[in-house]
2 protein chains.
Amino acid sequence: MTSGVGSTEKVLRVLELFTEERPEWTPDEMISTLGYSRPTLYRYVKALKNMGFLAANGPHGLTLGPRVVEMDFLMRKSDRLLAAGGPVIRQLAAVHPCTALLVRWYDNKLLCVAAEVSASNPRSSYPRGRPMPLARGAISRAILAHLPRKQMLEKIVENFDDLRAVGLGDSVDAIAECLRQQRKGGALIAHGEVTPGVIGVAAPVFDDSRAPVAVLCMTIERETLDEAGLSRVSAEVWDAAARLTETLHETRSDGERPENENDNRGTGKT
Amino acid sequence: MTSGVGSTEKVLRVLELFTEERPEWTPDEMISTLGYSRPTLYRYVKALKNMGFLAANGPHGLTLGPRVVEMDFLMRKSDRLLAAGGPVIRQLAAVHPCTALLVRWYDNKLLCVAAEVSASNPRSSYPRGRPMPLARGAISRAILAHLPRKQMLEKIVENFDDLRAVGLGDSVDAIAECLRQQRKGGALIAHGEVTPGVIGVAAPVFDDSRAPVAVLCMTIERETLDEAGLSRVSAEVWDAAARLTETLHETRSDGERPENENDNRGTGKT
DNA sequence: CTCCGAATCTCATTTATTGAGATTTTGGCT
DNA sequence: AGCCAAAATCTCAATAAATGAGATTCGGAG
């Protein structure tokens, strides 16, 4: 609206209606929720259906459509981070019973892209696609602490209240200082900031530039781990993240396109 | 363009650039491929980034963004077909070494939504998100044969050449007749129509209405199966599809929203 | 600090989007 | 099979938004 693509934003607002709580909508529900006129909403829906973003479900219901699944497929196939990270989180999960996560950093969002569970009774669930809190926990701080100064300050300002609540400091500068300190200690550790009784151990992964692109994290039941175990795990996580960073740099320069393990495509039924 | 949402279609055409072959684009590449002016393209990209459909990757590269992953997550969480179908394809995979697929039917597209591999050396690969050919193989015919007359004729016309090539008949009516015959034989069987040496056995799954919403399919190495085995497998597939149809009808009426097995969300790091 | 390419802004011009109401299509009934 | 109400689409004048050339600013490398 504000930027010369207002109509598109209105159209795509339709897609924002779909949530875990309400994954199916009728045109009339959309009209009354969004306040669009009938012809307009139908136009939008028709266009989104044509492009595969919406699909009919039953006589009058609408759900998200096949394009969504296809695009996610495409991302999984072509995401170097995911290809390189899969084996790494599997290794991590073998170190100690836990949930090992690979979390990608989008400028304003943390999103789990892969998870491996080795704990017998996992306390937490972060499958691919689950958004993660931006201002709490080891994962978040692993990003913040390793951001270039400028971006770090931006994010601190944006999330000031949460960060102060966790006790990192009472001013923007104090928090920045505190975060910068944490760079030096290797993996970031948080005790029960998100889930009580669960320890998070996280380390950043870097692409070519100096900005972090992802975080490796192990979440572990506190009871299963003593001090010595924690420092061993912490070293493992840090090390794994460093290896992953290394791998990313390699595949960037030589192979050009990432090699997909399973590429006999276009086949599969008879 | 033709329908009152032209500008939106132009914007979303940007997303269509991203393919398996080319998952990363720069603004300049987009400009020369799409023929948009510089300010326009930058406006589009900015909007798509704001909405999470695109994300920066490196200094100038763009890739698909986090919204895509989130939306797919949402679909996986709320898809009754997927929730009910998971166990079913696992059962099927246990019957005989194979790849068992659950394929959803969107009015113009077949898309694999879940797969279970039990063959030791699978010949085919159809992970979630892989689009499937619309006019070949047992899956396709399991849909076509069970479509209401009107839609069946539409689809036959649209795919006439392919269907004739497979030998179903030489006229629209002949093909329709042939397909209608196949309704009576239980599961649909195809020999090497897509992958030589691989047999496909498929059966339709129905939602409340009479139109099929999905297909269950087993793809099996021909050598591992004799005539008797094939008819046993065929009965199993048909049966499994019937059970799945049944389950869908049940969950539709009572539970209202599908129960998700693993719903301790908002948690997972520390 | 300076420079160069990348990204954004400005604003007159062009073009598409919008919605009330009429109209057609669909699919739920007997 | 055929009807009826609800859903979806169409028409078209009024309204508002998208467009792009060129100037400008931003931001990172040296």
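Residues numbered from 1 in each chain as written. Chains lettered and ligands numbered in written order. Predicted model: local features only at pLDDT ≥ 70, side-chain atom pairs only at ≥ 80, totals over all residues.

Student: Describe in detail the overall build of chain A, supporting the description with residues and values.
Tutor: The helix and strand inventory of chain A stands at 10 helices and 8 strands. Across its three principal directions, the C-alpha atoms of chain A cover 65 × 55 × 40 Å. When burial is assessed residue by residue, chain A has 42% of its 270 residues classed as buried. In chain A, once contacts between residues fewer than 6 apart in sequence are set aside, the share between residues at least 24 apart is 55%. (Helix = DSSP H or I, 4+ residues; strand = E, 2+ residues; numbered from the N terminus. Buried ≥ 20, exposed ≤ 12 C-beta atoms within 10 Å, placed from the backbone. Contact = placed C-beta atoms within 7 Å.)

Student: Can you tell me about the relation of the copies chain A and chain B, naming the residues and giving the values?
Tutor: The two copies are related by a screw motion: chain A maps onto chain B through a turn of 180° and a shift of 0.0 Å along the axis, at an RMSD of 0.1 Å. Here the two chains are linked by the operation of a two-fold rotation axis. The rotation axis passes nearest to the C-alpha of threonine 8 of chain A in chain A, at a distance of 2.4 Å. (Least-squares fit on C-alpha atoms with pLDDT ≥ 70 in both.)

Student: Requested: an account of the nonpolar core, with residues and values cited.
Tutor: One finds Leu216 of chain A together with Leu216 of chain B to be the most contacted residues of the largest nonpolar core, which totals 151 residues. Residue contacts for leucine 216 of chain A: discarding those within four places in its chain leaves Val88, Ile89, Leu92, Leu102, Ala202, Ala203, Val205, Val237, Ala240, Ala241 and Leu244 of chain A. (Core = buried A, V, L, I, M, F, W, Y, C linked by C-beta atoms within 7 Å.)

Student: So what's going on with the sheet that holds strand E4 (residues 109–117) of chain B? Residues and values would help.
Tutor: All names here are of chain B. Overall, antiparallel pairing links the 6 strands, which are arranged E5-E4-E3-E8-E7-E6 in an open sheet. If you trace the sheet from one side to the other, it starts and ends with strand E5 (131–132) and strand E6 (188–191), each paired once. Across 2 bridges, the pairing between E4 and E5 is antiparallel. Opposite leucine 110, over in E5, you have methionine 132 as the bridge partner. Along the sheet, helix H6 (residues 137–145) makes contact with strand E3 (99–106), E4, E5, E6, strand E7 (198–206) and strand E8 (212–221), crossing E7 at roughly 30°. (Pairing = 2+ DSSP bridges. Axes fitted to C-alpha atoms, helices over the stretch in contact; angles between N-to-C directions.)

Student: Talk me through the interface of chain A and chain B; I want residue IDs and the actual numbers.
Tutor: Contacts between the two partners involve 72 residues from chain A and, on the opposite side, 72 residues from chain B. In terms of residue count, the dominant contributor to the side of chain A that touches chain B is helix H4 (residues 66–78) of chain A (11 residues). Taken together, the residues of the side of chain A that touches chain B sort by class into 32 nonpolar, 24 polar and 16 charged. (Nonpolar A, V, L, I, M, F, W, Y, C, P; charged D, E, K, R; others polar.)

Student: A description of the protein's contact with DNA strand C should follow, citing residues and the corresponding values.
Tutor: Taken together, 18 residues lie near DNA strand C, and Ser37, Thr40 and Pro59 of chain A together with Ser7 and Pro39 of chain B sit nearest. Of all the elements in the fold, those that place two or more residues in the surface near DNA strand C are helix H1 (6–16) and helix H3 (38–50) of chain A together with helix H1 (6–16) and helix H3 (38–50) of chain B. With 4 residues, H3 of chain B is the single largest residue contributor to the surface near DNA strand C. Residues belonging to the surface near DNA strand C are distributed by class as follows: 7 nonpolar, 8 polar and 3 charged. (Near = placed C-beta within 6 Å.)

Student: Residue-level account of the protein's contact with DNA strand D, with values.
Tutor: Of all residues adjacent to DNA strand D, which total 16 residues, the nearest are Gly6, Ser7 and Pro39 of chain A together with Ser37 and Thr40 of chain B. Counting residues per element, the ones that place at least two in the surface near DNA strand D are H1 and H3 of chain A together with H1 and H3 of chain B. When grouped by side-chain class, the residues that make up the surface near DNA strand D number 6 nonpolar, 7 polar and 3 charged.

Student: Which residues make up the sheet that holds strand E8 (residues 212–221) of chain A, and what values do they have?
Tutor: Residues and elements named next belong to chain A. On the basis of which strands lie adjacent, the open sheet formed by 6 strands has the order E5-E4-E3-E8-E7-E6 and antiparallel pairing. Two strands bound the open sheet, and with one partner strand each, they are strand E5 (131–132) and strand E6 (188–191). As judged from the 8 bridges shared by strand E3 (residues 99–106) and strand E4 (residues 109–117), these two strands associate in the antiparallel manner. From the neighbouring strand, leucine 102 faces E4, where its bridge partner is alanine 114. Helix H5 (residues 80–95) contacts E3, E4 and E8 of the sheet and is inclined by roughly 50° relative to E4.

Student: Now, about the pairing of E8 of chain A: what can you tell me, with residues and values included?
Tutor: Residues and elements named next belong to chain A. Along E8, 10 of the 10 residues are buried, which leaves the element largely enclosed by surrounding structure. Pairing analysis gives 6 bridges linking E3 to E8, with the strands arranged antiparallel. Bridge pairing links arginine 104 to alanine 214 in E8. In this structure, strand E7 (residues 198–206) lies alongside E8, joined through 9 bridges in antiparallel fashion. Looking across to E8, one finds that alanine 203 is bridged to leucine 216.

Student: Go over the environment of glycine 200 of chain A, please, and point to the residues and values.
Tutor: Residue and element names in this part refer to chain A. Take glycine 200: it is sitting in strand E7. With 33 C-beta atoms packed within 10 Å, glycine 200 lands in the buried category. In this structure the C-alpha to C-alpha distance between glycine 200 and alanine 93, which are 107 residues apart in sequence, comes to 13 Å.

Student: With reference to specific residues and values, describe the confidence of the model for chain A.
Tutor: Caution applies to low-pLDDT parts of the model: their predicted coordinates are not meant to be read in detail. On average, residues of chain A score 86 in pLDDT, and 91% of them are at 70 or above. Contacts for the low-pLDDT stretch residues 253–270 of chain A, under 50 throughout, to residues beyond four places or in other chains number 41 contacts. (pLDDT = per-residue confidence, 0-100.)

Student: Go over the environment of asparagine 121 of chain A, please, and point to the residues and values.
Tutor: Position of asparagine 121 of chain A relative to the elements: it lies in the loop between E4 and E5. Residues asparagine 121 of chain A and lysine 49 of chain A lie 72 residues apart in sequence; the distance between their C-alpha atoms is 41 Å.

Student: So what's going on with helix H6 (residues 137–145) of chain A? Residues and values would help.
Tutor: Burial runs high along H6 of chain A: 9 of the 9 residues are buried. Those residues of H6 of chain A lying buried are Gly137, Ala138, Ile139, Ser140, Arg141, Ala142, Ile143, Leu144 and Ala145 of chain A.

Student: Talk me through the packing of helix H2 (residues 27–34) of chain B against H3 of chain B; I want residue IDs and the actual numbers.
Tutor: Residue and element names in this part refer to chain B. At their nearest, the axes of H2 and H3 sit 10 Å apart, and the two run at 120° to each other. Crossing handedness for the pair H2 and H3: right-handed. Mapping the contact onto sequence places Pro27, Met30 and Ile31 in H2 and Arg38, Leu41, Tyr42 and Val45 in H3. Of the residues in the contact of H2 with H3, the class split is 6 nonpolar, no polar and 1 charged. (Left-handed = near helix turned anticlockwise from the far one by under 90°.)

Student: Tell me what's going on with the environment of aspartate 72 of chain B, and back it up with residues and numbers.
Tutor: Residue and element names in this part refer to chain B. Here aspartate 72 lies in helix H4 (residues 66–78). A count of 23 C-beta atoms within 10 Å places aspartate 72 in the buried class. For the pair aspartate 72 and glycine 129, spaced 57 residues apart in the sequence, the C-alpha separation amounts to 9.6 Å.

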